[in-house]
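# A look at the structure
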Amino acid sequence: MDLNFSPAIAEQANRSVAPWSEEPQAKCVEWLERAVGPIVAKASEYADGHVVPPHRHSRAQMIYALSGVVTVAMPGERWMVPPDHALWVPAGTQHSVTASGHVSMRSIYVKPGAVADLPTRGRVVELTGLMRSLMLEAVTLPQCYEPTSRAGLVMALILEEIPRLPVRPLGLPFPADPRMAALCHRFLEAPTPRANIDDWADGLAMSRRTFTRAFRRETGLSLSEWRQQACLFAALPRLAGGESVTSVALDLGYDSSSAFSTMFKRMTGATPGRYLREATSLNAG
């Protein structure tokens with residue numbers, strides 16, 4: 001891991017400041033490409049509904065939503081980043097960002113090869129207490145530092161912790177087949193747990209068996225698994241925005257809040273109430 005910088009480069013880099021979110025995205029990318037060192041950090045604030053247009057950069061990015069919910073679109077898939085989670089965006093991957101609620105975002109950007117075993121595909125991870133504290137601290141540090149300084153040690157520990165973070169199923173892969181993708185997009189507009197394989201297969205003039213195999217080949221998931229993730233995908237921004245569990249559950253087509261809570265716990269490991277309490281507690285700490 002190379003954390004060494006010349007004094008001249010360090011002085012120049014520390015004079016540059018990460019652009020705020022309201023500035024053009026091209027300027028943000030330009031700043032990032034000029035940054036030195038294996039890892040840099042940035043804080044951003046986004047209003048509800050703000051969209052960062054599609055862009056890419058040479059560094060991998062880890063996005064942490066301190067408040068609000070962030071949805072990130074990459075080619076063929078969408079990812080959700082609720083509070084107390086982070087999204088890993090591989091280097092060079094085109095992506096756009098949409099904010100739900102007021103989003104206070106923290107990002108770290110990592111050069112390829114900065115440390116072994118960095119993820120090579122997008123994934124949502126649950127932040128440990130240690131990683132959350134490290135990311136919050138990282139945005140307060142100078143861009144350049146001596147490797148043995150406090151800042152250097154914080155950044156080095158971030159690199160070591162990234163591959164250890166637990167992965168969570170908050171991504172939503174989309175089929176490459178345009179007809180199948182259209183069905184998925186329509187489902188997201190009106191999600192329901194009652195999506196029927198036979199109806200989807202009939203809509204594509206496929207047998208049930210052919211559709212089942214094709215859908216798994218295209219997404220890596222069964223329709224049932226994809227449907228559950230899509231319902232969770234639709235529910236989290238609304239729950240984070242303060243809507244009741246009962247209201248969200250009924251709108252999504254569940255017969256009761258308990259049925260929705262059972263699905264939610266199976267997907268996230270916690271009931272909706274506990275999940276949101278823990279997220280609120282973490283972000284208030």
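For the structure, check the block above.
The shown structure was predicted, so the numbers you read here are calculated from the model rather than taken from an experiment.

Here is what the cut-offs are and how they apply
- Residues numbered from 1 in each chain as written.
- Predicted model: local features only at pLDDT ≥ 70, side-chain atom pairs only at ≥ 80, totals over all residues.
- Heavy atoms only, no water.
- Helix = DSSP H or I, 4+ residues; strand = E, 2+ residues; numbered from the N terminus.
- Phe/Tyr/Trp six-rings, centres within 6.5 Å; stacked < 30°, edge-to-face > 60°.
- Buried < 20%, exposed > 50% of the residue type's maximum accessible area, 1.4 Å probe, protein only.
- Salt bridge = Lys/Arg side-chain N within 4 Å of Asp/Glu carboxyl O.
- Core = buried A, V, L, I, M, F, W, Y, C linked by side-chain atoms within 4.5 Å.
- Domains from an automatic or database assignment.
- Contact = heavy atoms within 4.5 Å.

### A look at the environment of L204
Structurally, the position occupied by L204 is in the loop between α6 (197-203) and α7 (208-219). The spacing of L204 and M180 is 24 residues in sequence and 7.6 Å in space, taken between C-alpha atoms.

### Examining the packing of aromatic side chains
In total, this model carries 10 aromatic pairs according to the counting rule given. Summarising the aromatic geometry, the rings of W200 and F211 are spaced 6.4 Å apart at their centres and angled 70° between planes, so their arrangement reads as edge-to-face. With W200 in helix α6 and F211 in helix α7, this pair connects stretches of sequence that are 11 residues apart. Take W200: its relative accessible area is 9%, and that puts it in the buried class. Classification of F211 as buried rests on a relative accessible area of 1%.

### Some details on the pattern of salt bridges
Under the criterion given, the structure shown has 9 salt bridges. Measuring nitrogen to oxygen at the nearest pair gives 3.4 Å for the salt bridge that ties E45 to R106. With E45 in strand β1 (residues 39-46) and R106 in strand β6 (residues 95-110), this residue pair connects regions lying 61 residues apart in the sequence. Assessed through its relative accessible area of 30%, E45 is described here as partly exposed. Under the relative-accessibility criterion, R106 is labelled buried at 12%. Measuring nitrogen to oxygen at the nearest pair gives 3.1 Å for the salt bridge that ties R208 to D198. Residue R208 is found in helix α7, and its partner D198 is found in helix α6; the two are separated by 10 residues along the sequence. Of the residues examined, R208 reaches a relative accessible area of 45% and is grouped as partly exposed. For D198, a relative accessible area of 33% gives the class partly exposed.

### A closer look at the nonpolar core
The biggest cluster of nonpolar side chains holds 54 residues, and the ones touching the most others in it are L87, W200, F211, W226 and F260. Looking at this core element by element, the count peaks at 9 residues for helix α8 (residues 223-240). Taken together, domain 1 (25-164) and domain 2 (174-282) each give at least three residues to this core, which thus spans both. Once you skip the residues sitting within four places of it in the chain, W226 turns out to touch L172, P173, F174, C184, F187, W200, F215, T219 and L221. Among the nonpolar cores identified, the runner-up in size contains 28 residues, and A60, L127, M135 and A151 belong to it.

What is shown is where atoms sit, not what they do.
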